[in-house]
Amino acid sequence: MAKQIDPCTLVLFGASGNLSRIKLMPGLFRLDAAGRLADDMKILSVGRSELSRDQWQAEIKGMLDKKFKDGYDQKVYDRFIARNHYHSNPPTDADSFQKMAAKLGDESIFPQNLAYFLSVRPTDFAVIVEQLSGVGLVDESKYWRRVLIEKPFGTDLPSAQALQAELTKYLKESQIYRIDHYLGKSAVQNIMLTRFANTMFEPLWNSEHIDHIQITNNETLGVGDRTTFYDATGALRDMFQSHLLQTLALVAMEKPADLTPDSIRAEKIKLLQSIRPVDTKNLNKQAFRAQYAAGRVCVGDGHGENVTGYLEELKRDGIESSHTETYAAVKLFIDNPRWKGVPFYVRTAKRMHEGNTAISIRFKKAPMELVAGQHQNWLTINIQPRECIKMEIESKIPGLDVATRTLSIDAPQRQQGDETIDSYETLMLNLMEGDPSQYLHISEVEAQWRLVDPIVKAWAEDKTPLHQYTAGNRDPQESSVIFESQDQFWRYSIELGGDKH
Ligand SMILES: NC(=O)c1ccc[n+]([C@@H]2O[C@H](COP(=O)([O-])OP(=O)(O)OC[C@H]3O[C@@H](n4cnc5c(N)ncnc54)[C@H](OP(=O)(O)O)[C@@H]3O)[C@@H](O)[C@H]2O)c1
């Protein structure tokens, strides 16, 4: 059931940027089309350029035309465009925030509950909040004021804590909405529901029955033209630190007392804090890194395309050498009774043979091996591109002999007629509703950096050239060094059976 949303003004910093053009403006339009915006809700875009309201509305039209190539409803468009206003905030104008406060103060146009979306460079997050505070725009004495902070929240624990210290000079924790857009994905939200809304899973969800769990994010894409950004970041900080650890938290956390934001976040925090720190003295057995070399990847239409390697791409952009990983696989253990001794293998890689995000759970061997070669059960929760739940069970091959084969029970989560909602749409709605359950608490961010920082540091200090894997292939064989037992192996998207690669 749709929640009641207070009338509010969404103030969008960085509205002319890439994220806003591709996701935010089209997302707000779709929320309007779905009747999910309050009637008098307004959007104030803030940018450095001097633009009139008409010019900005023409810009928005361009964004929508590009996104919705099959057209859109004119009535919804008229309603949406009328919500949109623009404020020019040139850095050279010392009074620009004062002028913004004066504009927003016109209650005949702008509802006074204010949701700020900071879709700007991370170095600007704290500066903007300080300036908003300076003109009284985060004061909550009469209306609510919430600030959405884009990712990344820091680049390590000290920088995350420094950003937090800056923000909390002006904001309470309840005003800060730290985004991880993975948490807005319907298939990610379904992890918790699958676990707790079905009685058949929870009794098996522990070390007594589970052999190990794999959390995977593989991409066929390379780093593209983001070489400088990526080389300073790497797979661990780009994907693992937040998206994959958040996924792990949802898979492994204890059942929350209820579905309130506080209860859900309390269980996630407890889980993240109980992940055993990685032993950096034995890092080679717990983590594996590599870089993609030239190869051939599958493109959308199923055809192959020759691609260059990571180091060559860097050279093209003037970066001579690199120890940054485009492949990272890490083994983690959770120190609590439920998960005692169960390895969690978390991996992310670019330029793999397929793009897929999934959670694959392998169950322990059946107590009795009735026939030789009997496979262990797997449960896969596939996040993207296909949202599905897949269970693999052993079943008798009909006939005179007693032999089994693996059957796959494959249930698409998405059915015909279901809404397709982008994660940013869900998260912007949650921001306006005041529901932070799909946003990160600072304790989650800190726990994530605390886990990742020692690995990043140890890898930065190790100047051994990185293993090179051929673009378009599966995981490098050498990555299996992190497996706890010889019968463990990487799983891929939808393929059947437990055969090793
Ligand atoms: N793009 C994505 O898919 C994506 C995904 C995840 C996270 N993010 C995060 O979302 C935020 C925005 O990303 P984006 O890709 O939209 O960024 P972007 O296109 O580079 O820029 C966003 C806005 O920042 C302002 N800006 C750019 N350069 C500036 C400068 N030198 N000084 C002051 N302002 C400047 C511009 O607004 P005006 O010129 O109008 O002031 C621009 O519209 C970032 O924090 C990023 O890390 C983006």
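Right above here is the structure, for reference.
Residues numbered from 1 in each chain as written. Predicted model: local features only at pLDDT ≥ 70, side-chain atom pairs only at ≥ 80, totals over all residues. Heavy atoms only, no water.

Draft legend 1. Main features of helix H12 (residues 423–433). The buried count for H12 comes to 11 of 11 residues, which makes it a mostly enclosed element. Within the span of H12, buried status applies to Ser423, Tyr424, Glu425, Thr426, Leu427, Met428, Leu429, Asn430, Leu431, Met432 and Glu433. The inward-facing, buried residues of H12 contact strand S1 (9–13), helix H1 (18–33), strand S4 (114–118), strand S5 (145–149), strand S6 (176–178) and helix H7 (186–197). Two or three places before Tyr424, at the start of H12, stands the capping residue Asp422, its side-chain oxygen 2.9 Å from that residue's backbone nitrogen. (Buried < 20%, exposed > 50% of the residue type's maximum accessible area, 1.4 Å probe, protein only. Helix = DSSP H or I, 4+ residues; strand = E, 2+ residues; numbered from the N terminus. Contact = heavy atoms within 4.5 Å. Polar contact = N/O pair within 3.5 Å; in protein donor to acceptor, adjacent residues only side chain to side chain.)

Draft legend 2. Seen up close, empty space enclosed by the protein. Inspection of every chain in the model, using the stated rule, returns one cavity of 30 Å³ or more. In this model, the largest cavity occupies a volume close to 50 Å³. Around the largest cavity, the lining residues are Thr216, Asn218, Arg347, Glu354, Asn356, Ala358, Ser360, Arg491, Tyr492 and Ser493. Examining the composition of the lining of the largest cavity, we find that three residues originate from one element, strand S13 (residues 356–363), more than from any other. Grouping the amino acids of the lining of the largest cavity by side-chain chemistry returns two nonpolar, five polar and three charged. (1 Å grid on protein atoms, 1.4 Å probe; cavity = no way out; pocket = protein on both sides within 12 Å on 5 of 7 lines; lining within 4 Å. Points joined across faces, edges and corners; volume = space filled by probe spheres on them. Nonpolar A, V, L, I, M, F, W, Y, C, P; charged D, E, K, R; others polar.)

Draft legend 3. Up close: the pattern of salt bridges. Enumeration according to the criterion identifies 30 salt bridges in this entry. The residue Lys270 makes a salt bridge to Glu267 at a minimum N-O spacing of 3.2 Å. One end of the pair, Lys270, and the other, Glu267, are both in helix H9 (residues 261–273), three residues apart, so they sit about a helical turn from each other. The exposure class assigned to Glu267 is buried, which follows from its relative accessible area of 12%. Measuring nitrogen to oxygen at the nearest pair gives 3.1 Å for the salt bridge that ties Arg316 to Asp317. (Salt bridge = Lys/Arg side-chain N within 4 Å of Asp/Glu carboxyl O.)

Draft legend 4. Layout of the site of the ligand. Around the ligand, a shell composed of 15 residues is seen, among which Ser16, Gly17, Leu19, Arg48 and Val120 lie nearest. Note that an oxygen atom of the ligand is positioned 2.7 Å from one of the side-chain N or O atoms of Ser16. Here Val120 contributes a backbone N or O atom positioned 2.6 Å from an oxygen atom of the ligand. For the ligand, the accessible surface in isolation is 870 Å², of which the surrounding protein chains cover 67%. Looking at the shell around the ligand residue by residue, the classes come out as five nonpolar, six polar and four charged. (Near = heavy atom within 4 Å. Areas by Shrake-Rupley, 256 points an atom, 1.4 Å probe, with all protein chains shown as cover.)

Draft legend 5. Quick peek at the environment of Ser141. Along the chain, the position of Ser141 falls in the loop between helix H5 (125–134) and S5. Side-chain polar atoms of Ser141 contact the side chain of Asp139, separated by 2.4 Å.

Draft legend 6. Broad picture of a nonpolar patch on the surface. A cluster of nonpolar residues, Ile393, Leu407 and Ile409, forms a patch on the protein surface that exposes about 220 Å² of accessible area. For Leu407, the location among the structural elements is in strand S16 (residues 404–412). (Patch = residues over 30% accessible without salt bridge, like charges linked within 9 Å, V, L, I, M, F, W, Y side chains within 5 Å.)

Draft legend 7. Quick peek at the sheet that holds strand S7 (residues 210–218). Reading across the sheet, the nine strands line up as S16-S15-S14-S13-S7-S12-S11-S8-S17 and stay open at both edges, with mixed pairing between neighbours. The outermost strands of the open sheet, each flanked by one partner alone, are S16 and strand S17 (467–470). Ignoring strand direction, the axes of neighbouring strands in this sheet form an average angle of 20 degrees. Of the pairings in the sheet, the one linking S13 to strand S14 (residues 378–384) comprises six bridges and is antiparallel in character. Pairing of Ile361 across the sheet is with Leu379, part of S14. The sheet strands contacting helix H8 (residues 227–252) are S7, strand S11 (327–332), strand S12 (344–349) and S13, and the helix crosses S12 at an angle near 145 degrees. (Pairing = 2+ DSSP bridges. Axes fitted to C-alpha atoms, helices over the stretch in contact; angles between N-to-C directions.)

Draft legend 8. Region of interest: the nonpolar core. Residues Phe13, Tyr116, Leu248 and Leu332 are the most contacted members of the largest nonpolar core, which totals 102 residues. Among the elements that make up this core, the one with the highest residue count is H8 (12 residues). Looking at this core, you find at least three residues from each of domain 1 (9–150) and domain 2 (183–418 + 441–482). If we ignore the near neighbours within four places in the chain, the residues touching Leu332 are Phe240, Leu245, Leu248, Ile275, Val278, Val342, Pro343, Phe344, Val346 and Leu451. Residues Leu12, Ala38, Ala115 and Ile179 belong to the second largest nonpolar core, which totals 37 residues. (Core = buried A, V, L, I, M, F, W, Y, C linked by side-chain atoms within 4.5 Å. Domains from an automatic or database assignment.)

Draft legend 9. Seen up close, the packing of aromatic side chains. Under the criterion given, the structure shown has 20 aromatic pairs. Arranged with centres 5.5 Å apart and planes meeting at 25 degrees, the rings of Tyr72 and Tyr77 form a pair that is stacked. Given the relative accessible area of 10%, Tyr77 is considered buried. With 5.0 Å between their ring centres and 75 degrees between their planes, Tyr177 and Tyr439 make a pair best called edge-to-face. Pair noted here: Tyr177 is in strand S6 and Tyr439 is in the loop between H12 and helix H13 (442–461), with a separation of 262 residues, a long-range link. The two residues Tyr177 and Tyr439 agree in class, both being buried. Put simply, the rings of Tyr230, Phe288, Tyr292, Tyr310, Tyr327 and Tyr469 pair up and form one aromatic cluster. If you follow Arg178 out to its NZ or CZ, it ends over the ring of Phe153, 5.0 Å from the centre. Geometry around Tyr182 places Lys185 over its ring, the cationic atom sitting 5.2 Å from the centre. (Phe/Tyr/Trp six-rings, centres within 6.5 Å; stacked < 30°, edge-to-face > 60°. Lys NZ or Arg CZ within 6 Å of the ring centre and 35° of its normal.)

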